[in-house]
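Spelled out, the chains give:
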Amino acid sequence: MPVFANVLQPLIDFFEGILKFFHDSAGLSWGASIIALTLVVRAALVPLTVKQFRSMQALARLQPEIKKLQEKYKDDKQRLNQEMMRFYQENKVNPFSSCLPLVAQLPVFFALFYMLRKDLRHDICPDINPPDIPNPKPCGASEAAHFLGIPDITDKATGTTLLILVVLYVSSQLISSLLMPSTVDRNQRMIFLALPFIFIPFIISFPAGLLVYWITTNLWTSIQQYIVRRTVGPIQPATSGGAGAGGGGGGDGGGGLLSGLRPKPPSGGGDQANGAPAAKEREKVAAGPPPPPPRKKKKRSGRRR
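Notes on helix H3 (residues 30-44)
The end-to-end C-alpha distance of H3 is 21 Å, a good match for the 21 Å that 15 residues give at a rise of 1.5 Å each. Buried residues of H3: Trp30, Gly31, Ala32, Ser33, Ile34, Ala36, Leu37, Thr38, Val41 and Arg42, and no others. Among the structural elements, helix H2 (9-25), helix H4 (46-61), helix H7 (100-124) and helix H10 (208-231) are those in contact with the buried residues of H3.

Quick look at the nonpolar core
In this structure, Phe15, Leu19, Ile34, Leu112 and Leu120 are the most contacted members of the largest nonpolar core, which totals 44 residues. Contributions of two or more residues to this core are made by H2, H3, H7, helix H8 (159-178) and H10. The greatest single-element share of this core, amounting to 10 residues, is contributed by H7. For Phe15, the contacting residues outside a window of four places in its chain are Leu37, Val41, Val108, Ala111 and Met115. Judged by nonpolar contacts, the second largest core, of 11 residues, contains Leu62, Leu69, Tyr73 and Met84.

Some thoughts on the state of the cysteines
In total, this model carries 1 disulfide according to the counting rule given. Note that Cys125 is cross-linked by a disulfide to Cys139, the S-S spacing being 2.0 Å. With the S-S dihedral at roughly -75°, the linkage between Cys125 and Cys139 falls on the left-handed side. Of the two residues, Cys125 is situated in the loop between H7 and H8 and Cys139 in the loop between H7 and H8; the sequence distance between them amounts to 14 residues. The same class applies to Cys125 as to Cys139, namely buried.

Topic: the packing of aromatic side chains
Applying the stated rule across the entire model yields 10 aromatic pairs. Ring centres 5.1 Å apart and planes at 70° place the aromatic pair Phe109 and Trp214 in the edge-to-face group. On the criterion of sequence distance, the pair formed by Phe109 in helix H7 and Trp214 in helix H10 is long-range, its members being 105 residues apart. Given the relative accessible area of 13%, Phe109 is considered buried.

Describing a nonpolar patch on the surface
Together, Val103, Leu106 and Phe110 make up an exposed nonpolar region whose accessible area comes to about 240 Å². Among the structural elements, Val103 can be located in helix H7.

A word on the pattern of salt bridges
Counted by the stated rule, this structure contains 4 salt bridges. Across the pair Glu16 and Lys20 runs a salt bridge whose closest N-O atoms are separated by 3.8 Å. Note that Glu16 and Lys20 are positioned in helix H2 at a spacing of 4 residues, about one turn of the helix. Measuring nitrogen to oxygen at the nearest pair gives 3.6 Å for the salt bridge that ties Glu83 to Arg86. Here the residue Glu83 and the residue Arg86 both occupy positions in helix H6 (residues 77-90), the gap between them amounting to 3 residues, near one helical turn. When its relative accessible area of 44% is taken as the criterion, Arg86 is described as partly exposed. Through salt bridges with shared partners, a single network forms among Glu16, Lys20 and Asp123.

Observations regarding the confidence of the model for the protein chain
Summarising the model, the protein chain shows a mean pLDDT of 76, and 70% of its residues fall at 70 or more. H3 holds the highest mean pLDDT among the elements of the protein chain, 93, whereas helix H11 (residues 242-246) holds the lowest, 40. Here residues 240-260 is a poorly scored stretch, pLDDT under 50, and it has 42 contacts once near neighbours within four places are set aside; other chains count. Confidence drops under a pLDDT of 50 for residues 264-279, and excluding neighbours within four residues, the segment shows 4 contacts in the predicted structure.

Thresholds applied
Residues numbered from 1 in each chain as written. Predicted model: local features only at pLDDT ≥ 70, side-chain atom pairs only at ≥ 80, totals over all residues. Heavy atoms only, no water. Helix = DSSP H or I, 4+ residues; strand = E, 2+ residues; numbered from the N terminus. Expected span 1.5 Å × (residues − 1). Buried < 20%, exposed > 50% of the residue type's maximum accessible area, 1.4 Å probe, protein only. Contact = heavy atoms within 4.5 Å. Core = buried A, V, L, I, M, F, W, Y, C linked by side-chain atoms within 4.5 Å. Disulfide = S-S within 2.5 Å. Phe/Tyr/Trp six-rings, centres within 6.5 Å; stacked < 30°, edge-to-face > 60°. Patch = residues over 30% accessible without salt bridge, like charges linked within 9 Å, V, L, I, M, F, W, Y side chains within 5 Å. Areas by Shrake-Rupley, 256 points an atom, 1.4 Å probe, with all protein chains shown as cover. Salt bridge = Lys/Arg side-chain N within 4 Å of Asp/Glu carboxyl O. pLDDT = per-residue confidence, 0-100.

If you want it as structure tokens, here you go:
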């Protein structure tokens, strides 16, 4: 663990500088500074979130073909994996793009974990933990370490405070999972719903400030998923026909900042609608001009001159 902390030390110093800016320059408390850091990180990850959503749109449109491959090679897992990778490459889709925002948050999570156990203890309560102490102890129930009923954000919560934090963490995580796009596999969705309860034995030993970060990022994710669903609409697999392909990203939203994420209807739709007239015109051009109509012979009268 100390070796891992040393690897993360540049990140720890970077995020500690951001927290000090919010506390020293912006005048926020240390707990509010953690929330501000969370908002800054999530705002910086918006481009990755957009990429994640576009990847989900592409996977939704390709879902019928993916199911055909799974049915065709269901008895040969190795061949199925090869065909799926080839299919993703041909369609220029990265199925792992949906994990990018989560992976990008992990360094922040670990950096804040080590900060709350060491570096921030020197900053929040320097009278208890002078800079020369290698293993600083929790700040205790001091004014600097107090935040929204949490006695010490540098130490693990206990009693009623711990119960409230756990309830907030589980409920915010569940809301975030329930607002996930409908294209997520049912088994995968059940795993996401079970994860908050699996993590409870671990998070109760985390510093309370880390739970503040986790709850805040869950709330951000929930609001973000809600805005996407309202603006762009639910992501649904494409159906057969031109309307289904265009309906993959349609919804009840009416534009907005995320309207650019709405998938465009396939360009072939107009050709299908005008396919017969266009084909007839091409046949006419290829055949050339029509032959002139035959001349009618004039009838001669019976009289002879």
